[in-house]
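# Breakdown of the fold
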Amino acid sequence: MTNLQIFLDIATEAALSAGVVLQDYLGKVEDAITEKGRPGDLVTAADKASEKVILEIINRHFPQHSILAEESGKLGNQTSEYLWAIDPLDGTTNYAHQYPCFAVSIGLLIQGVPKVGVIYDPFHNELFRAAAGLGATRNRRPIKVSQTSELSKSLLVTGFAYDRWETKDNNYAEFCHLTHLTQGVRRGGSASLDLAYVACGRVDGYWERGIAPWDIAAGIILVQEAGGQVTAYNGGDLQIDSGRILGTNGYIHNSLSQKLMQISPLSAW
């Protein structure tokens, strides 16, 4: 068994265990919701409990690894070449409203490059997994990106960052413009699931700004192993901490990249 397979299996164990926690808390967090600084940036007791379970499992198996978790920040050996990027509840606002679009996201970066990813949607019991060279699966069955080759025939998905009240560069212009150029743009509210849906062909492309490494680390390798492409907006190499990401089936990547680079922020309208 390769190291990547071992990492994938441990990440799966952690994600499934965290999913049980989220299911247990669902509908019971009304009195345990707080804001983390920006309006709408919520954290619940479920986030914290889910992260605790994940950290216990990762630390038990890999005590010398580094961790970047949404609620706990940087942990462990920060000089390690292995970095676990963890979002214990991606889609907290959805979860707090019992809107069924949320997931656990666990990605492993090796020397800064995403190599292993697990995304688990406990509400729909969908488990997405991938590791470099090992392919991508949904509930243990192989998945591939869509074959849509024209932007006009594509279905896209995106999101809006918590700082959208504070900046004119808030993705509203991109959302409106691309809605008119495609068959539609969806907003699910969970970046990890957005990427998982690109990987399994439910949508053809995804872009977003204001995104954190723990939101996308697992999804990046999923899309890549499913045959898709992930870059910066301009089509260049993605910097995972840049806050911006473009992921597609590959066929519409250049077209979508070009459109994103041409759209002026809302402040210029």
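Whatever comes next refers back to the structure up there.
Fair warning: this is a prediction, and the values are worked out from it, not measured in the lab.

What counts, and where the lines are drawn
- Residue indices follow the written sequence of each chain, beginning from 1 at its first position.
- Under the rules for a predicted model, residues below a pLDDT of 70 receive no local features and side-chain atom pairs below 80 are neither given nor counted, while totals for whole chains, interfaces and linings still include all residues.
- The side-chain figures draw on all heavy atoms in the structure; neither hydrogens nor water molecules are used.
- At least two bridges found by DSSP between two strands is the condition for calling them paired.
- Helix and strand assignments come from DSSP, with helices taken as H or I runs of at least 4 residues and strands as E runs of at least 2, each series counted from the N terminus.
- Contact criterion: two residues are considered in contact whenever any of their non-hydrogen atoms come within 4.5 Å of each other.
- Orientation is described by lines fitted to C-alpha atoms, with helices fitted over the stretch in contact, and by angles between N-to-C directions that extend from 0 to 180 degrees.
- The classification of residues rests on relative accessible area computed with a 1.4 Å probe and restricted to protein chains. Under 20% of the type maximum is buried, over 50% is exposed, and intermediate values are partly exposed.
- The arc in question is traced by the directions running from the helix axis to the C-beta atoms.
- By convention a nonpolar core is built from buried Ala, Val, Leu, Ile, Met, Phe, Trp, Tyr and Cys residues, the set being connected through side-chain atoms within 4.5 Å.
- Here a Phe, Tyr or Trp ring, Trp counted by its six-membered ring, pairs with any other such ring whose centre lies within 6.5 Å, and the pair is stacked when the planes are under 30 degrees apart, edge-to-face when over 60, and tilted otherwise.

### Description of the sheet that holds strand S10 (residues 141–142)
- Taken together, 8 strands build an open sheet; the order of strands is S4-S3-S5-S6-S7-S8-S9-S10 and the sheet is mixed. Both outer strands of the open sheet, strand S4 (73–76) and S10, are each paired with one neighbouring strand and no more.
- Direction of pairing for strand S3 (residues 66–69) relative to strand S5 (residues 82–90): parallel, over a ladder of 4 bridges. Paired with Ser66 across the two strands is Leu83, which belongs to S5.
- Relative to strand S7 (residues 113–121), helix H1 (residues 3–25) is tilted by about 30°, and along the sheet it contacts S5, strand S6 (103–110), S7 and strand S8 (126–131).
- Along the sheet, helix H6 (residues 213–225) makes contact with S3, S5, S6, S7, S8 and strand S9 (135–138), crossing S7 at roughly 100°.

### A short note on helix H4 (residues 172–181)
- All of the buried residues along H4 are Ala173, Glu174 and Leu178. Down the axis, H4 shows its buried residues gathered within 110° of arc, on one side only.
- In the core, the buried residues of H4 are packed alongside strand S11 (155–158), strand S12 (184–187), strand S13 (205–209) and helix H7 (253–262).

### A word on the nonpolar core
- The biggest cluster of nonpolar side chains holds 37 residues, and the ones touching the most others in it are Ile119, Phe128, Tyr206, Leu222 and Ile245.
- Breaking this core down by element, the ones donating at least two residues are S6, S8, helix H5 (191–199) and H6.
- The element best represented in this core is H6, accounting for 8 residues.
- Ignoring sequence-local partners within four residues, the contact set of Tyr206 consists of Val157, Thr158, Ala191, Asp194, Leu195, Val198, Ile211, Ile245, Leu246 and Gly247.

### Topic: the packing of aromatic side chains
- Tallied over the full model, the rule gives 9 aromatic pairs.
- With a centroid separation of 5.1 Å and 70° between ring planes, the pair formed by Phe7 and Phe62 is classed as edge-to-face. Of the two residues, Phe7 sits in helix H1 while Phe62 sits in the loop between helix H2 (45–61) and S3, which places them 55 residues apart along the sequence. This pair shows no difference in class: Phe7 is buried, exactly as Phe62 is.
- Considering the side-chain rings of Phe102 and Phe123, the 6.4 Å spacing of their centres and the 75° angle between planes classify their relative orientation as edge-to-face. Of the two residues, Phe102 sits in the loop between helix H3 (92–96) and S6 while Phe123 sits in the loop between S7 and S8, which places them 21 residues apart along the sequence.
- On the accessibility criterion, Phe123 (40% relative accessible area) is partly exposed.
- Put simply, the rings of Phe7, Phe62, Tyr82 and Trp84 pair up and form one aromatic cluster.

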